[in-house]
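The lines below spell out each chain.
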Protein chains: 2
Amino acid sequence: MRILAVDPSLRGTGFAILEESGKSTRCLEYSVIKNHASLSQEGCLLAIHETLGLAIKRHEPTELAIEKVIFVQSYATAIILGAARGVAVLAAAQRGLTVHEYPPKRVKQAVVGKGAASKDQVAFMIRALLGLTETPPSDAADAIAIGITHLRTVSSPVHVVTATRGK
Amino acid sequence: MRILAVDPSLRGTGFAILEESGKSTRCLEYSVIKNHASLSQEGCLLAIHETLGLAIKRHEPTELAIEKVIFVQSYATAIILGAARGVAVLAAAQRGLTVHEYPPKRVKQAVVGKGAASKDQVAFMIRALLGLTETPPSDAADAIAIGITHLRTVSSPVHVVTATRGK
């Protein structure tokens, strides 16, 4: 399975393409869409939508894993973050990807083992888990963490306990 | 000047195409993009983006007037509303429209004359102002009101007072 994972924000959307085959997970690409402070909001949205669209075209993932936003500083921030998130979801939906959301606590729990992990801890664990030669920038690491959470969620084996009758 | 005006929301985005020539303002089209409660969030975003894109293609407006969101019930609502707003802005930016925002109070002030006007008052005034034969649905009326606010803002003549010296 190949997925696109996204940690959206107007000025620094992290994203990654992850592939799982058998028990191994590979990161095919990770990046941060950095939008300069001088770029208009609509310019940022264009950049996010276009960059993610091109990544989808390159790698043809079938699913999107994206952060479910719970806490933000203000309503104004929420509206702007929502816009960044919206165009990311749109880019995926336009190419038929299914959309899966994970709240930050669950992502940290899945990757680091505790819901209150720091950004540095997440990046460090991502590097170790995927055997990367460098620590990814934190926005990209957050995206990878969201992707790993999704892969672990969908590939969790269902434990079937079969009772064997003793003779 | 021809503009696209949008009052965004996930389930009921109102929009209108307005044209101003000389002192007259005409409404070339108004509509509400109604997304059923059973449609996924990504399905709604696709519908908003595609419908506005087609309206822009039909009428070729050069500017977008959109509500600047100030108050929302919750962060969750703000994120969702932000997404609807984001794909509307994207649809416009992809076709080169400039983006102009107006807070709701200013829109009501411009159209009804008071910042605390009800939705019904806005719809009634829109009908009267444009000489429409029916009262538009309130989401469309809100979009038209945003558009009228923009047209009045950009076409306000600058009053130049020239002092004439008396002999």
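As the structure is a computational prediction, the values presented were derived from the model and not from experiment.

So, how was this worked out
- Residues numbered from 1 in each chain as written.
- Chains lettered and ligands numbered in written order.
- Predicted model: local features only at pLDDT ≥ 70, side-chain atom pairs only at ≥ 80, totals over all residues.
- Heavy atoms only, no water.
- Helix = DSSP H or I, 4+ residues; strand = E, 2+ residues; numbered from the N terminus.
- Rg over C-alpha atoms; globule rule 2.2 N^0.38 Å.
- Buried < 20%, exposed > 50% of the residue type's maximum accessible area, 1.4 Å probe, protein only.
- Contact = heavy atoms within 4.5 Å.
- Lys, Arg positive; Asp, Glu negative; His and termini not counted.
- Charge placed at Lys NZ, Arg CZ, Asp CG, Glu CD.
- Buried area = accessible area lost by both parts, 1.4 Å probe.
- Polar contact = N/O pair within 3.5 Å; in protein donor to acceptor, adjacent residues only side chain to side chain.
- Nonpolar A, V, L, I, M, F, W, Y, C, P; charged D, E, K, R; others polar.
- Phe/Tyr/Trp six-rings, centres within 6.5 Å; stacked < 30°, edge-to-face > 60°.
- Pairing = 2+ DSSP bridges.
- Axes fitted to C-alpha atoms, helices over the stretch in contact; angles between N-to-C directions.
- Parallel < 35°, antiparallel > 145°, perpendicular 65-115°, else oblique.
- Left-handed = near helix turned anticlockwise from the far one by under 90°.
- Right-handed = clockwise from strand over helix to strand, strands pointing away.
- 1 Å grid on protein atoms, 1.4 Å probe; cavity = no way out; pocket = protein on both sides within 12 Å on 5 of 7 lines; lining within 4 Å.
- Points joined across faces, edges and corners; volume = space filled by probe spheres on them.

## Focus on the overall build of chain A
If you tally the helices and strands in chain A, you get 5 helices and 5 strands. In sequence order, chain A lays out its α and β elements as β-β-β-α-β-α-β-α-α-α. Here the C-alpha radius of gyration of chain A, 17 Å, is about what a compact globule of 167 residues would show, namely 15 Å. Summarising its shape, the C-alpha atoms of chain A cover approximately 75 × 35 × 35 Å along the three principal directions. The buried share of chain A, taken over its 167 residues, is 47%. Considering only residue pairs separated by 6 or more positions, chain A has 62% of its internal contacts joining residues 24 or more positions apart. Separation between the mean location of the 19 positive side-chain charges and that of the 14 negative ones in chain A comes to 9 Å.

## Side note on the interface of chain B and chain A
How big an interface is tends to be stated in terms of accessible area lost as the parts join. Opposite the 24 residues of chain B that make contact, chain A presents 24 residues. Summed over both sides, the interface of chain B with chain A buries roughly 2,100 Å², with 73% coming from carbon and sulfur. Three residues, B:Tyr75, B:Ile79 and B:Leu90, lead the burial of chain B against chain A; their summed loss comes to 31% of the area buried on that side. Scanning the region where chain B abuts chain A turns up 6 residue pairs in polar contact (both at pLDDT 80 or more). Of all the elements in the fold, those that place two or more residues in the side of chain B that touches chain A are helix H1 (41-59) and helix H2 (75-94) of chain B. No other element matches H2(B), which puts 13 residues into the side of chain B that touches chain A. Looking at the side of chain B that touches chain A residue by residue, the classes come out as 15 nonpolar, 7 polar and 2 charged.

## Regarding the packing of aromatic side chains
Each aromatic ring pair is described using two quantities: the centre-to-centre distance and the angle formed by the ring planes. Scanning the entire structure with this criterion turns up 1 aromatic pair over all chains. Judged by centre distance (5.1 Å) and plane angle (45°), the ring pair of A:Tyr75 and B:Tyr75 falls under tilted. You can see A:Tyr75 sitting in helix H2 (residues 75-94) and its partner B:Tyr75 sitting in helix H2, one on each of two chains. In this structure B:Tyr75 comes out as partly exposed when scored by relative accessible area, which is 30%.

## What about the sheet that holds strand S1 (residues 2-7) of chain A?
Residue and element names in this part refer to chain A. Spatially, the 5 strands line up as an open sheet ordered S3-S2-S1-S4-S5, and their pairing is mixed. On the outer flanks of this sheet lie strand S3 (24-34) and strand S5 (98-102), each paired with one strand and no other. This sheet shows a mean twist of 20° between the axes of neighbouring strands, independent of strand direction. Where S1 meets strand S2 (residues 12-21), 6 bridges bridge the pair, whose relative direction is antiparallel. Residue pairing in the sheet places Leu 4 in a bridge with Ile 17 of S2. The sheet strands contacting H2 are S1, strand S4 (63-67) and S5, and the helix crosses S4 at an angle near 170°.

## Comments concerning the packing of helix H4 (residues 119-130) of chain A against helix H5 (residues 138-155) of chain A
All names here are of chain A. The geometry of H4 relative to H5 is characterised by a closest axis approach of 9 Å and an angle of 60° between their N-to-C directions. Taken together, the axes of H4 and H5 lie oblique to each other. Every pair of crossing elements has a handedness; the one defined by H4 and H5 is left-handed. Residues Lys 119, Val 122, Ala 123, Ile 126, Leu 129 and Leu 130 of H4 form the contact with H5, whose participating residues are Ser 138, Asp 139, Ala 141, Asp 142, Ile 144, Ala 145, Ile 148 and Arg 152. Taken together, the residues of the contact of H4 with H5 break down into 9 nonpolar, 1 polar and 4 charged.

## Here's the deal with the pairing of strand S5 (residues 98-102) of chain B
Residue and element names in this part refer to chain B. Direction of pairing for strand S4 (residues 63-67) relative to S5: parallel, over a ladder of 5 bridges. If you follow Ile 66 over to S5, its bridge partner there is Glu 101. With H2 bridging S4 and the parallel S5, this β-α-β connection has right-handed handedness.

## Describing the layout of surface pockets
All names here are of chain B. As a volume, the largest pocket reaches approximately 530 Å³. Along the walls of the largest pocket sit 25 residues, with Asp 7, Glu 67, Pro 104, Lys 119 and Asp 142 positioned nearest its centre. Looking at the lining of the largest pocket, the elements that each hand over two or more residues are H2, helix H3 (104-111), helix H4 (119-130) and helix H5 (138-155). For the lining of the largest pocket, the class distribution of residues is 12 nonpolar, 5 polar and 8 charged.

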